[in-house]
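The primary structure of each chain is shown beneath.
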Amino acid sequence: MALDPATIPVFLAFFAVFVFLGFYGARWRKGDLSQLHEWALAGRRLGTWLVFFLVGADIYTAYTFVAVPSSVFARGSLFFYAVPYVAITFGVALAFAPRLWTVAREKGYITGSDFVRARFDSRTLSTVVAVTGIVALLPYIALQIVGMQAVLATLLISANLASQSGEEFALFIAFVILAAFTYTSGLRGATLTAVFKDVLVWLTVIVVIGAILYQIGGDFSAAFAKAKPNYVTVPGNLVPAYMTLMLGSAFALYLYPHAINGVLSAESAHKLRVSTSLLPLYGVGLAFLALMGVLVSSVPSAMTFLGQFPAGSQGIYVVPSLIITVLPGWLAGLCLLGIFVGGLVPAAIMAIAQANLLARNIVKEYRPRTSDMAEARISKWASVAFKFVALGFVFAVPSTYAIQLQLLGGVLILQLLPALFLGLYTRWFKSGALIIGLVVGILAGIYMALLANNFGPLTTSLYSSPFGSLYIAVIALGINLTITVVLSAVMPGKRGLMIPWNRT
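Just so we're clear, the structure is a prediction, and the values are computed from it rather than from any experiment.

1. Quick notes on the overall build of the chain
Part 1 of the argument: If you tally the helices and strands in the chain, you get 24 helices and 2 strands.
Part 2 of the argument: For the chain, the C-alpha radius of gyration of 22 Å lies close to 23 Å, the compact-globule estimate for 504 residues.
Part 3 of the argument: The C-alpha extent of the chain, read off along each of the three principal axes, is 70 × 60 × 40 Å.
Part 4 of the argument: Sorting the 504 residues of the chain into buried and exposed places 60% on the buried side.
Part 5 of the argument: A separation threshold of at least 6 residues defines the contact pool for the chain, and within that pool the share at least 24 residues apart is 85%.
Part 6 of the argument: Accessible surface for the chain amounts to roughly 18600 Å². Of this, 67% is attributable to carbon and sulfur atoms.
Part 7 of the argument: Side chains of the chain carry 30 positive and 15 negative charges; the gap between the two charge centres is 9 Å.

Listed below in structure tokens is the structure:
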């Protein structure tokens with residue numbers, strides 16, 4: 001099909017608005033951006049709705065909007081686990097986030113590793129936690145790029161301009177702009193663009209679902225009547241996989257450094273609680289996006305468009321294909337931009353979080369004379385570097401393989417639960433036990449992932465057990481917790497330190 005002439009101009013015009021907001025962030029709610037807490041946490045002054053949009057942009061990314069429907073399209077109902085896990089994860093967040101925010105505000109912590117350092121009085125443990133967070137986020141930034149590539153490929157193919165070099169050049173320019181305004185504006189720029197991005201994303205979900213309903217006659221029953229059984233219900237042998245994917249993902253989400261970064265930017269614990277209680281609204285959008293993996297089969301024009309891509313990568317283009325085929329050109333341009341900036345905004349926040357860990361918990365930890373200004377400068381340049389490390393990684397690795405790297409993300413980050421999440425509630429653990437448990441959990445998880453995939457390309461995050469297929473991250477966490485508890489009981493040494501704080 002020919003691309004509507006209005007699509008690309010609308011896309012570019014609103015992208016210009018996005019860029020303006022990113023750079024304007026440096027002037028918005030002015031603060032001393034040479035101080036790390038001002039640059040990286042927006043001065044800890046974000047109210048209820050700004051935190052709502054920021055954390056929403058943090059969590060609901062271009063990868064989510066592309067990969068969830070892609071997985072449903074390719075594999076069926078197993079990947080609907082993403083919908084109920086959203087409901088659970090914010091319950092976890094309400095137990096975790098306000099408590100961390102309170103102690104971080106009183107003690108001046110900027111990262112989760114700051115808290116771990118103070119609680120367990122261990123530079124080694126804090127460093128291991130920081131390195132784990134940095135490494136776990138690299139594939140997530142790369143996966144945002146995969147979603148953005150899907151949008152660019154859709155536009156270029158529709159305009160008969162398909163060219164890998166053209167796609168890569170456009171992506172590179174977008175990342176140069178992103179790096180520039182992130183360096184300049186920090187989290188303030190990310191917050192303003194997050195509001196813009198979330199408005200576009202909600203617009204996309206509403207108009208695309210409405211257009212699909214119109215095309216298929218007003219209800220979903222016809223689409224599901226034609227679907228295979230595994231698209232309608234979870235097969236019995238995959239129920240353990242479904243449950244562990246749901247629970248593991250729910251407990252992992254708020255352990256990621258970028259999620260913690262969003263939490264610590266809130267103005268008060270009360271406003272953080274309110275914004276967190278509103279975030280399940282995004283789960284409604286996620287449910288509709290997941291449905292698109294099934295509904296696309298009932299839209300012939302979208303299926304024809306998907307036929308232009310290799311069978312193994314068609315799923316990535318499910319949502320872009322629906323946008324380009326069921327919406328008028330100007331609206332398609334707006335919605336495609338929503339997915340595109342839905343990758344850029346989280347990439348900025350993730351890079352800021354990585355940079356904080358590097359500057360604060362590695363460089364300054366081992367070079368304590370580093371000044372506050374130098375710390376902020378290191379963090380700014382590191383945020384630029386991390387974006388381009390991920391960008392270069394995507395260029396070097398096929399997109400299908402890059403997507404599968406998500407399998408390791410949860411395996412790595414979930415191992416921080418004992419030190420970071422449980423550490424907020426108990427100081428019973430000993431730092432040596434936590435280090436050994438964390439490292440063994442990570443190594444066991446990586447080994448199981450390789451074994452499950454026969455030491456080839458990563459195609460599954462599930463490991464066969466006597467209880468059925470289970471999410472590898474959950475098994476690794478079980479190993480981690482067992483080692484941590486046993487060694488904390490028998491090892492000599494001090495337990496965690498008291499960190500008194502106002503619990504109001």
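There is more to say, and it comes next.
2. Here we look at the pattern of salt bridges
Part 1 of the argument: Counted by the stated rule, this structure contains 7 salt bridges.
Part 2 of the argument: Across the pair Glu375 and Arg360 runs a salt bridge whose closest N-O atoms are separated by 3.4 Å. With a gap of 15 residues between them, Glu375 in helix H19 (residues 372-396) and Arg360 in helix H18 (residues 329-366) connect regions that are remote in the sequence.
Part 3 of the argument: Among the residues examined, Glu375 registers a relative accessible area of 2% and is labelled buried.
Part 4 of the argument: Of the residues examined, Arg360 reaches a relative accessible area of 21% and is grouped as partly exposed.
Part 5 of the argument: Where salt bridges share partners, they join Asp114, Arg360, Lys364 and Glu375 into one cluster.

3. Some points on the pairing of strand S2 (residues 468-471)
Part 1 of the argument: Sheet topology places strand S1 (residues 462-465) next to S2; 4 bridges connect them, and they run antiparallel. Note that in S2 the partner of Tyr463 across the bridge is Leu470.
Part 2 of the argument: Here S1 folds back onto S2 in antiparallel fashion, the turn holding 2 residues.

4. Re the nonpolar core
Part 1 of the argument: Membership of the largest hydrophobic core comes to 170 residues, with the highest contact counts inside it found for Tyr254, Leu327, Phe340 and Leu344.
Part 2 of the argument: Of all the elements, H18 adds the most residues to this core, at 18 residues.
Part 3 of the argument: Excluding its chain neighbours within four sequence positions, the residues that come into contact with Phe340 are Phe11, Phe15, Met148, Val151, Leu152, Leu171 and Ala174.

5. Let's talk about the packing of helix H1 (residues 7-24) against helix H9 (residues 187-215)
Part 1 of the argument: Packing of H1 against H9 leaves a shortest axis separation of 7 Å and a crossing angle of 150 degrees. Looking at the two axes, H1 sits roughly antiparallel to H9. Note on packing geometry: the crossing formed by H1 with H9 is right-handed. For the pair H1 and H9, contact is made by Phe14, Val17, Phe18, Leu21, Gly22 and Tyr24 and by Gly189, Leu192, Thr193 and Phe196, respectively.
Part 2 of the argument: Split into classes, the residues belonging to the contact of H1 with H9 amount to 7 nonpolar, 3 polar and no charged.

What counts and what doesn't
Residues numbered from 1 in each chain as written. Predicted model: local features only at pLDDT ≥ 70, side-chain atom pairs only at ≥ 80, totals over all residues. Heavy atoms only, no water. Helix = DSSP H or I, 4+ residues; strand = E, 2+ residues; numbered from the N terminus. Rg over C-alpha atoms; globule rule 2.2 N^0.38 Å. Buried < 20%, exposed > 50% of the residue type's maximum accessible area, 1.4 Å probe, protein only. Contact = heavy atoms within 4.5 Å. Areas by Shrake-Rupley, 256 points an atom, 1.4 Å probe, with all protein chains shown as cover. Lys, Arg positive; Asp, Glu negative; His and termini not counted. Charge placed at Lys NZ, Arg CZ, Asp CG, Glu CD. Salt bridge = Lys/Arg side-chain N within 4 Å of Asp/Glu carboxyl O. Pairing = 2+ DSSP bridges. Core = buried A, V, L, I, M, F, W, Y, C linked by side-chain atoms within 4.5 Å. Axes fitted to C-alpha atoms, helices over the stretch in contact; angles between N-to-C directions. Parallel < 35°, antiparallel > 145°, perpendicular 65-115°, else oblique. Left-handed = near helix turned anticlockwise from the far one by under 90°. Nonpolar A, V, L, I, M, F, W, Y, C, P; charged D, E, K, R; others polar.

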